[in-house]
Structure formats: C-alpha cells, structure tokens
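The chain contents come next:
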Amino acid sequence: ATSPQVFLADTGPLLGHEADYNDVEATVHEPSLDRLLRSGLDRPLATHVAQLFARDPLNVFRERLEVDNALVGDHWEQLQSSNWGTVRFKPPPAQ
C-alpha cells in the first residue's frame with residue numbers, strides 16, 4: 001500500500017485547494033515536524049518533509065555519511081529520490 005502523500009502549492013490550480021487533496025492524514029515524524037516548525041518553516045512544507053522521514057529509511061553510503069551539507073547535496077538527493085511519489089524539490093546547487 002502506498003503511504004498518503006502531502007500536497008502543497010504556492011501558485012497554480014492547487015493553491016487554496018490543498019485541503020481537498022490532503023484528505024487522508026499522513027503520518028509524520030513528530031520530532032522532525034517540531035524542529036522544522038521551530039526553525040521557521042511554514043506548516044505545509046514542514047509537514048511534507050516530516051512525512052518523508054516517517055515513510056522510508058534514508059540510505060546513505062558509509063563513505064558519504066560525513067559530508068558538509070552546505071557544500072554537498074547528497075543527503076537531500078537521497079531523501080528525495082527514495083520517495084518518488086512525492087514532490088521533488090530542486091534546491092540551488094551546492095556551493
């Protein structure tokens with residue numbers, strides 16, 4: 001069975017209709033949700049990211065475990081690529 005997905009938008013036809021699509025409660029990783037909200041992320045985006053952490057384990061190669069996340073986007077790409085059914089964000093390239 002597929003886990004519920006979290007839909008969000010800041011433009012386009014979904015804007016203002018998110019509740020129509022988010023009609024199934026998605027399990028979220030509460031510690032992640034709390035941390036994201038405390039850090040200033042808005043609730044829809046924080047919920048999306050927190051439900052990714054509740055769904056699947058993050059696979060990281062041992063030799064890539066300790067990287068500078070400000071310079072290398074490996075961990076973010078691993079998280080996003082392991083959840084194909086969800087929104088994929090493309091942040092700016094690492095420095």
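Residues numbered from 1 in each chain as written. Predicted model: local features only at pLDDT ≥ 70, side-chain atom pairs only at ≥ 80, totals over all residues. Heavy atoms only, no water.

Let's shift gears to the overall build of the chain. Along its length, the chain carries four helices and zero strands. Counting all 95 residues of the chain, 20% fall into the buried class. Restricting the contact set of the chain to residue pairs at least 6 apart, pairs at least 24 apart contribute 40%. Carbon and sulfur atoms make up 55% of the accessible area of the chain, which amounts to about 6,900 Å² in all. (Helix = DSSP H or I, 4+ residues; strand = E, 2+ residues; numbered from the N terminus. Buried < 20%, exposed > 50% of the residue type's maximum accessible area, 1.4 Å probe, protein only. Contact = heavy atoms within 4.5 Å. Areas by Shrake-Rupley, 256 points an atom, 1.4 Å probe, with all protein chains shown as cover.)

With that settled, consider the confidence of the model for the chain. The predicted model of the chain has a mean per-residue pLDDT of 76, with 74% of residues at 70 or higher. Summarising per-element confidence for the chain, the mean pLDDT is lowest in helix H4 (residues 74-81) (72) and highest in helix H2 (residues 30-38) (96). (pLDDT = per-residue confidence, 0-100.)

This part takes up the packing of H2 against helix H3 (residues 43-55). Interhelical geometry of H2 versus H3 gives an angle of 150 degrees and a closest axis separation of 8 Å. Comparing the axis directions of H2 and H3 gives the class roughly antiparallel. Of the two possible hands of crossing, H2 and H3 adopt the one that is right-handed. On the side of H2, the interface is formed by Ser32, Leu33, Leu36 and Leu37, while H3 contributes Arg43, Ala46, Thr47, Val49, Ala50 and Phe53. Looking at the contact of H2 with H3, its residues break down into seven nonpolar, two polar and one charged. (Axes fitted to C-alpha atoms, helices over the stretch in contact; angles between N-to-C directions. Parallel < 35°, antiparallel > 145°, perpendicular 65-115°, else oblique. Left-handed = near helix turned anticlockwise from the far one by under 90°. Nonpolar A, V, L, I, M, F, W, Y, C, P; charged D, E, K, R; others polar.)

Its place among the elements puts Ser32 in helix H2. Residue class for Ser32 comes out buried when judged on its relative accessible area of 15%. For the pair formed by Ser32 and Ala46, sequence separation is 14 residues and the distance between their alpha carbons is 8.2 Å. What Ser32 contacts, discounting residues up to four positions off in sequence, is Ala50 and Phe53.

Taking 1.5 Å per residue as the helical rise, H3 with its 13 residues ought to reach 18 Å, and the 18 Å between its terminal C-alpha atoms agrees with that figure. Those residues of H3 that sit buried are Ala46, Thr47, His48, Val49, Ala50, Gln51 and Leu52. Of the residues that open H3, the one with a side-chain oxygen 2.9 Å from the backbone nitrogen of Leu45 is Asp42. (Expected span 1.5 Å × (residues − 1). Polar contact = N/O pair within 3.5 Å; in protein donor to acceptor, adjacent residues only side chain to side chain.)

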